[in-house]
Amino acid sequence: MSTSEFPDSSRELATEALSSGISPPLGQLGNSDLNTSPNELNHIESPGTPGALTTPETVSQPSGLLEPLPTANQEAIHFLASLVPEEFNNIYFTDSLMTVSDTGKEIGEFTVTIQPILYHSFPCLNIHANSHGTIDSIPCGTSISAYVSLELETLEQYHQEYIKLKDQPLSKKTDIKRGPHGYVVTREVTSKQIVTTETLTFKPEELHGFVSEASNLALLRILAQRNKFSDNMVFLSFDSDMKLSTSTYMNLGHRTMKIGKEERQVLGIQRTIHSETSGPMNWQSNFLSSGHLTSRVQVGSPATMVLTQLPHLREADEEEPKPVFEKKPLIWEEDLQLYSKFIDRTEALKADYNSYLRHHPELRSLMADFLEFLLLQKPEDVVTFAAEYFAPFSTLHTEQNTFLTSNKSSPFKEQGDSK
């Protein structure tokens, strides 16, 4: 069963099962989305051939040793670099579709969830895709879990596929990890309890414009929400044999599609992976203007994924204009609240001062003596007179004639005049 926009790897798993001596009826596979193409059958090896999978094997293939790798064009690279965080505001949702055969029979289900998350303190997308079902009593499924940056750069991706053929389950796991020095791609295939592992390494510059199967799920929705995009963008992707290939997106235009009991306008987008080994592989998907997936089919496959019920579309929140408050002159005497606080503060200070005077009766005697002496002397400079009167109470005071400068000008006034 074909799962999401990622390649139909169940065909490859069925091919590997055939090469291992397990032969499910080809007629059954031909009636499902697991049908094996003639090109793939030409590459099936019999158990007795030297290339048959008989022993555990680990292959490490650094990039750059064989033929030149394909490259993405500048238009695709510029498109990924031009993405802004605002484009992901309405991309967080879950799609749930039903997989039906060409006869209309339900044979499985498919879900995609995209949500924001922090990856090592950086904002990114957490993408989950899962498809499972049973075709002619053969359970099969695919699941993807990945972390993708807001530039759709794949940080981590875990891709697992399985097909439970009679007496012999077959599975494939593919991991992609972005490290400081580039990408490490590991694929592990398990058949007849024999594990074959292949490891590929790529430099960062070799995967400029790379769109993994997880980031493809987000890219399709962005293209659908933009409603208009160029067909000339050439990206990079892996084909079903983990060979780096080019991939393109074609705008199929708008059409009317019935979803449940209602009809809606949808935009069709075709993704093509141009594989040099197995030929071009095409997937056609339809989206609502909100970016929700309504249908998906691999060209040539009898199975189709369809949306059976319209999702609940949350209307965009309209931002209310911020209120503008005019500045008004503050007259606190006319403000009841402020005036009340003023009265309360005044009474509190009076009570505090009176309490201090009650606890220090010598202060009243001291002030009475000072005022009496002031009225007797009647100095011209009251400030200087007061400073000399209270100077003996200071610990820094030095003995000198009392009221030596009573009739001199105040030093405070001299300082004030000099300023």
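As the structure is a computational prediction, the values presented were derived from the model and not from experiment.

Criteria and thresholds
Residues numbered from 1 in each chain as written. Predicted model: local features only at pLDDT ≥ 70, side-chain atom pairs only at ≥ 80, totals over all residues. Heavy atoms only, no water. Helix = DSSP H or I, 4+ residues; strand = E, 2+ residues; numbered from the N terminus. Buried < 20%, exposed > 50% of the residue type's maximum accessible area, 1.4 Å probe, protein only. Contact = heavy atoms within 4.5 Å. Areas by Shrake-Rupley, 256 points an atom, 1.4 Å probe, with all protein chains shown as cover. Expected span 1.5 Å × (residues − 1). Polar contact = N/O pair within 3.5 Å; in protein donor to acceptor, adjacent residues only side chain to side chain. Core = buried A, V, L, I, M, F, W, Y, C linked by side-chain atoms within 4.5 Å. Salt bridge = Lys/Arg side-chain N within 4 Å of Asp/Glu carboxyl O. Pairing = 2+ DSSP bridges. Phe/Tyr/Trp six-rings, centres within 6.5 Å; stacked < 30°, edge-to-face > 60°. pLDDT = per-residue confidence, 0-100. Axes fitted to C-alpha atoms, helices over the stretch in contact; angles between N-to-C directions. Parallel < 35°, antiparallel > 145°, perpendicular 65-115°, else oblique. Left-handed = near helix turned anticlockwise from the far one by under 90°. Nonpolar A, V, L, I, M, F, W, Y, C, P; charged D, E, K, R; others polar.

Caption draft 1: Representation of the overall build of the chain within the structure. Of the regular secondary structure elements, the chain holds nine helices and 15 strands. Across the 419 residues in the chain, those meeting the buried criterion constitute 41%. Sequence-distant contacts, at least 24 apart, represent 53% of the contacts inside the chain between residues at least 6 apart. Total accessible area on the chain stands at roughly 24,800 Å², and carbon and sulfur atoms take up 54% of it.

Caption draft 2: Quick peek at the environment of S96. Locating S96 in the fold gives a position in strand β2 (residues 93-100). Along the chain, S96 and S131 lie 35 residues apart, while their C-alpha atoms are 9.9 Å from each other.

Caption draft 3: Summary view of helix α6 (residues 336-359). If you check α6, its first and last C-alpha atoms are 35 Å apart, about what 24 residues at 1.5 Å a residue would give, namely 34 Å. Its side-chain oxygen 3.0 Å from the backbone nitrogen of Q337, D335 forms the N-cap of α6.

Caption draft 4: Structural view of the environment of L83. Secondary-structure assignment places L83 in the loop between α4 (74-81) and β2. Each C-alpha atom, one on L83 and one on E151, is 6.1 Å from the other, the two residues being 68 residues apart in sequence.

Caption draft 5: Structural view of the nonpolar core. L152, F235, Y249 and I269 are the most contacted members of the largest nonpolar core, which totals 41 residues. Taken together, the elements giving at least two residues each to this core come down to α4, β3 (106-119), β4 (122-135), β5 (138-149), α5 (213-226), β11 (244-259) and β12 (262-275). Considering every element that reaches this core, the biggest residue donor is α5, with eight residues.

Caption draft 6: Quick peek at the side chain of E213. Take E213: it is sitting in helix α5. Among the polar contacts made by the side chain of E213, one reaches the side chain of R271 at a distance of 2.8 Å.

Caption draft 7: Quick peek at the pattern of salt bridges. All told, the structure shown has six salt bridges when counted by the stated rule. For R187, the salt bridge is made with E198, and the minimal N-O distance between the two is 3.5 Å. Of this pair, R187 sits in strand β8 (residues 182-191) while E198 is found in strand β9 (residues 194-202), placing the two residues eleven residues apart along the sequence. For the pair formed by R187 and E198, the shared burial category is buried. For E213, the salt bridge identified is with R271, shortest N-O distance 2.8 Å. A residue pair is termed long-range when its members are at least 10 positions apart, and E213 in helix α5 and R271 in strand β12 qualify at 58 residues.

Caption draft 8: Here's a closer look at the pairing of β4. Judged from the twelve bridges that link them, β3 and β4 form a sheet pairing that is antiparallel. Note on β4: the bridge partner recorded for T113 is H128. Taking the residues that link successive antiparallel strands as the turn, the β3-β4 hairpin has two residues, and the phi of H120 there is positive, at about 55 degrees. Bridging between β4 and β5 involves twelve bridges; their strand directions are antiparallel. By the bridge assignment, H132 is partnered in β5 with G141. Here β4 folds back onto β5 in antiparallel fashion, the turn holding two residues, of which D136 has a positive phi close to 50 degrees.

Caption draft 9: Quick peek at unusual backbone geometry. Positive phi, close to 75 degrees, is recorded for S121, a residue that is not glycine. Relative to the helices and strands, S121 resides in the loop between β3 and β4.

Caption draft 10: Focus on the packing of aromatic side chains. Enumeration over the complete set of coordinates arrives at 15 aromatic pairs. Look at F373 and Y389: their rings are 6.3 Å apart centre to centre, the planes differ by 35 degrees, and that puts the pair in the tilted class. Of the two residues, F373 is situated in helix α7 (residues 362-377) and Y389 in helix α8 (residues 382-390); the sequence distance between them amounts to 16 residues. For Y389, a relative accessible area of 17% puts it in the buried group. Put simply, the rings of F370, F373, F385, Y389 and F390 touch in pairs and so form one group of aromatic residues.

Caption draft 11: Highlighting the confidence of the model for the chain. Model confidence for the chain is summarised by a mean pLDDT of 78, while 77% of its residues fall at 70 or above. By mean pLDDT, the top-scoring element of the chain is strand β10 (residues 234-238) (94), and the lowest-scoring one is helix α2 (residues 26-30) (28). Of the regions scoring below 50 in pLDDT, residues 1-65 engages in 163 contacts with residues more than four places distant in sequence or in other chains.

Caption draft 12: Expanded view of the packing of α7 against α8. The interhelical angle for the contact between α7 and α8, taken along N-to-C directions, is 130 degrees, at an axis separation of 11 Å. By the angle between their axes, α7 is oblique relative to α8. Once α7 is placed against α8, the crossing between them reads as right-handed. Residues L366, D369, F370, F373, L374 and Q377 of α7 lie in contact with α8, whose contacting residues are V382, F385, A386, Y389 and F390. Looking at the contact of α7 with α8, its residues break down into nine nonpolar, one polar and one charged.

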